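The chain contents come next:
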Amino acid sequence: MENSAIMADQSIQELESRSLARVASAGSPEELEAVRVEALGRKGALAQISKEMGKLAPEERARIGKLLNSAKQKLEEALESKKRHFAEAALRARLDAEWIDLTLPAPGPRRGHLHPITRIQRELEDLFVSLGFTVLDGPEVETEYHNFDALNIPADHPARDAQDTFWLDGGNLLRTHTSPVQVRGMERLGPPLRMIAPGRTFRNESVDASHEHTFYQLEGMMIDRDVSVGHLIYFMKTMLTGVFQREVTVRLRPGFFPFVEPGFELDIQCLICGGAGCPVCKQSGWVEQLGCGLVHPNVLRMSGIDPEEWNGFAFGLGLTRLAMMRYGIDDIRHLQGGDLRFLEQF
Ligand code: FA5
């Protein structure tokens, strides 16, 4: 055998066994590709050897050619099989990572919760029901008679100006307070009567941190024999302690409402700023929560109740403002702004 043929023989065998060992130990598809380029690539080791083959005798050339082809085939098979191995391992890893249990129940729709105003309303309903009061509902579109006249506010009374509202065709209006439900309660149920009426009210107001054009009130009324301001104060304190779960500082100021005599405004010390002054309390330290008083004899009489036999107290509470105080909300506009990020905090 010629010398150069022996050398080709050796280098093919060496290359084959070295490359097969490298394929076997390759840890990644990149390493595998490097082996392929070095051994089988256009400028790779086997290509170099086949270039030299021209120098060999024809019979040696055929033998070395066979050796070359066999080495090339073995290497290609080894590469292919290792490549498959990597692909299968990658697929297995992916399937493991992306595995989902199709028998698990689907996540249901996201659960909502009650609006803070609704929550307070329901709590107050429970509280008053436990004190023997009935919960009444009334229309949001009211007659002028129920919203004003039956409450001792005739057409030319200046108190109408304080509750400017939205008038509808036919002389009806969006109720400015929940007080018309008192009238409907007296008309329908008669004395003795203990009722509350929560609901939506409307006023033609300039909106600011503490005023909305659409807000919630809760009306209350108790008609019986010998009802006094003492009873009124007892129920107001019981109610506010229930809402705030602590003693709150309250003050009663004389207040004028044509349907009560005497009439009061009940304020609580601002729980947002602790009385120091903020936009909600208009820097006064106090926030008006409700109007109240002893029911005016004219109102009883107009609803068919004899004021010589019966008397009572009534109050009208701002539910929206109460929610602000309880949850420390410093602007009334947040409550009905429809921003779920705000509402989800409660
Ligand atoms: C009345 O509406 C009387 N009907 C209350 C009443 C009932 C007095 C029974 C006596 C006997 P007033 O206008 O003050 O009163 O409103 C009552 C409460 O509603 C206020 O104390 C306040 O908390 C709330 N309120 C009034 N206007 C607004 C508004 N624009 N935005 C938010 N809350 C308001």
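The rules we used
Residues numbered from 1 in each chain as written. Predicted model: local features only at pLDDT ≥ 70, side-chain atom pairs only at ≥ 80, totals over all residues. Heavy atoms only, no water. Helix = DSSP H or I, 4+ residues; strand = E, 2+ residues; numbered from the N terminus. Rg over C-alpha atoms; globule rule 2.2 N^0.38 Å. Contact = heavy atoms within 4.5 Å. Near = heavy atom within 4 Å. Polar contact = N/O pair within 3.5 Å; in protein donor to acceptor, adjacent residues only side chain to side chain. Areas by Shrake-Rupley, 256 points an atom, 1.4 Å probe, with all protein chains shown as cover. Nonpolar A, V, L, I, M, F, W, Y, C, P; charged D, E, K, R; others polar. 1 Å grid on protein atoms, 1.4 Å probe; cavity = no way out; pocket = protein on both sides within 12 Å on 5 of 7 lines; lining within 4 Å. Points joined across faces, edges and corners; volume = space filled by probe spheres on them. Domains from an automatic or database assignment. Expected span 1.5 Å × (residues − 1). Buried < 20%, exposed > 50% of the residue type's maximum accessible area, 1.4 Å probe, protein only. Pairing = 2+ DSSP bridges. Axes fitted to C-alpha atoms, helices over the stretch in contact; angles between N-to-C directions. Core = buried A, V, L, I, M, F, W, Y, C linked by side-chain atoms within 4.5 Å.

Draft legend 1. Quick peek at the overall build of the chain. Check the secondary structure of the chain and you find 11 helices and nine strands. Over its C-alpha atoms the chain spans a radius of gyration of 45 Å, topping by over 25% the 20 Å that the globule rule assigns to 346 residues. If one aligns the C-alpha atoms of the chain with their principal axes, the spans along those axes are about 140 × 45 × 40 Å. Restricting the contact set of the chain to residue pairs at least 6 apart, pairs at least 24 apart contribute 68%.

Draft legend 2. Examining the site of the ligand more closely. Contacts to the ligand come from 26 residues, most closely from H177, S179, R203, E205 and E212. Within the side chain of E205, one N or O atom sits 3.0 Å away from a nitrogen atom of the ligand. In this structure, Q289 approaches the ligand through a main-chain N or O atom, which is 3.3 Å from an oxygen atom. Here the ligand, which alone exposes 680 Å², has 96% of that area covered by the protein. Elements that contribute at least two residues to the shell around the ligand include exactly strand 5 (214-224), strand 8 (286-295) and strand 9 (311-318). Considering each element in turn, the shell around the ligand owes the most residues, five residues, to strand 8. Across the shell around the ligand, the residue classes break down as nine nonpolar, 11 polar and six charged.

Draft legend 3. Focus on the layout of surface pockets. Volume-wise, the largest pocket comes out at about 710 Å³. Lining the largest pocket are 35 residues, and of these Q163, R203, Q217, F257 and E288 lie nearest its centre. Of all elements in the fold, only strand 5, strand 7 (260-269), strand 8, strand 9 and helix 10 (319-327) reach the threshold of two or more residues within the lining of the largest pocket. Along the lines of polarity and charge, the residues of the lining of the largest pocket split into 16 nonpolar, 12 polar and seven charged.

Draft legend 4. Region of interest: the domain arrangement of the chain. Domains assigned within the chain are domain 1 (2-98) and domain 2 (117-343). For domain 1 and domain 2, the distance between their C-alpha centroids amounts to 92 Å.

Draft legend 5. Highlighting helix 4 (residues 58-97). Taking 1.5 Å of rise per residue, 40 residues should cover 58 Å, and helix 4 covers 58 Å from first to last C-alpha, within 8% of that figure. Turning to helix 4, its buried residues are E60, I64, G65, L68, A71, L75, L79, K82 and F86.

Draft legend 6. How the structure looks around the sheet that holds strand 8. The strand order across the open sheet formed by seven strands is 1-4-5-9-8-7-6, and the pairing between neighbours is mixed. Bordering the open sheet on either side are strand 1 (134-135) and strand 6 (250-254), each of which pairs with just one other strand. In this structure, strand 4 (residues 193-202) lies alongside strand 5, joined through 10 bridges in antiparallel fashion. Opposite F202, over in strand 5, you have T214 as the bridge partner. Of the strands in this sheet, strand 1, strand 4, strand 5 and strand 9 touch helix 5 (residues 116-130), which is tilted by about 170° from strand 4.

Draft legend 7. Fine view of the nonpolar core. With 41 residues, the main nonpolar core has L124, F313, F315, L317 and L322 as its most contacted residues. In terms of residue count, helix 8 (residues 229-244) provides more of this core than any other element does, seven residues in total. Beyond its immediate sequence surroundings of up to four residues, L124 is in contact with I196, L218, M239, V243, L317, L319 and L322. Among the nonpolar cores identified, the runner-up in size contains 24 residues, and I153, V183, V260 and I305 belong to it.

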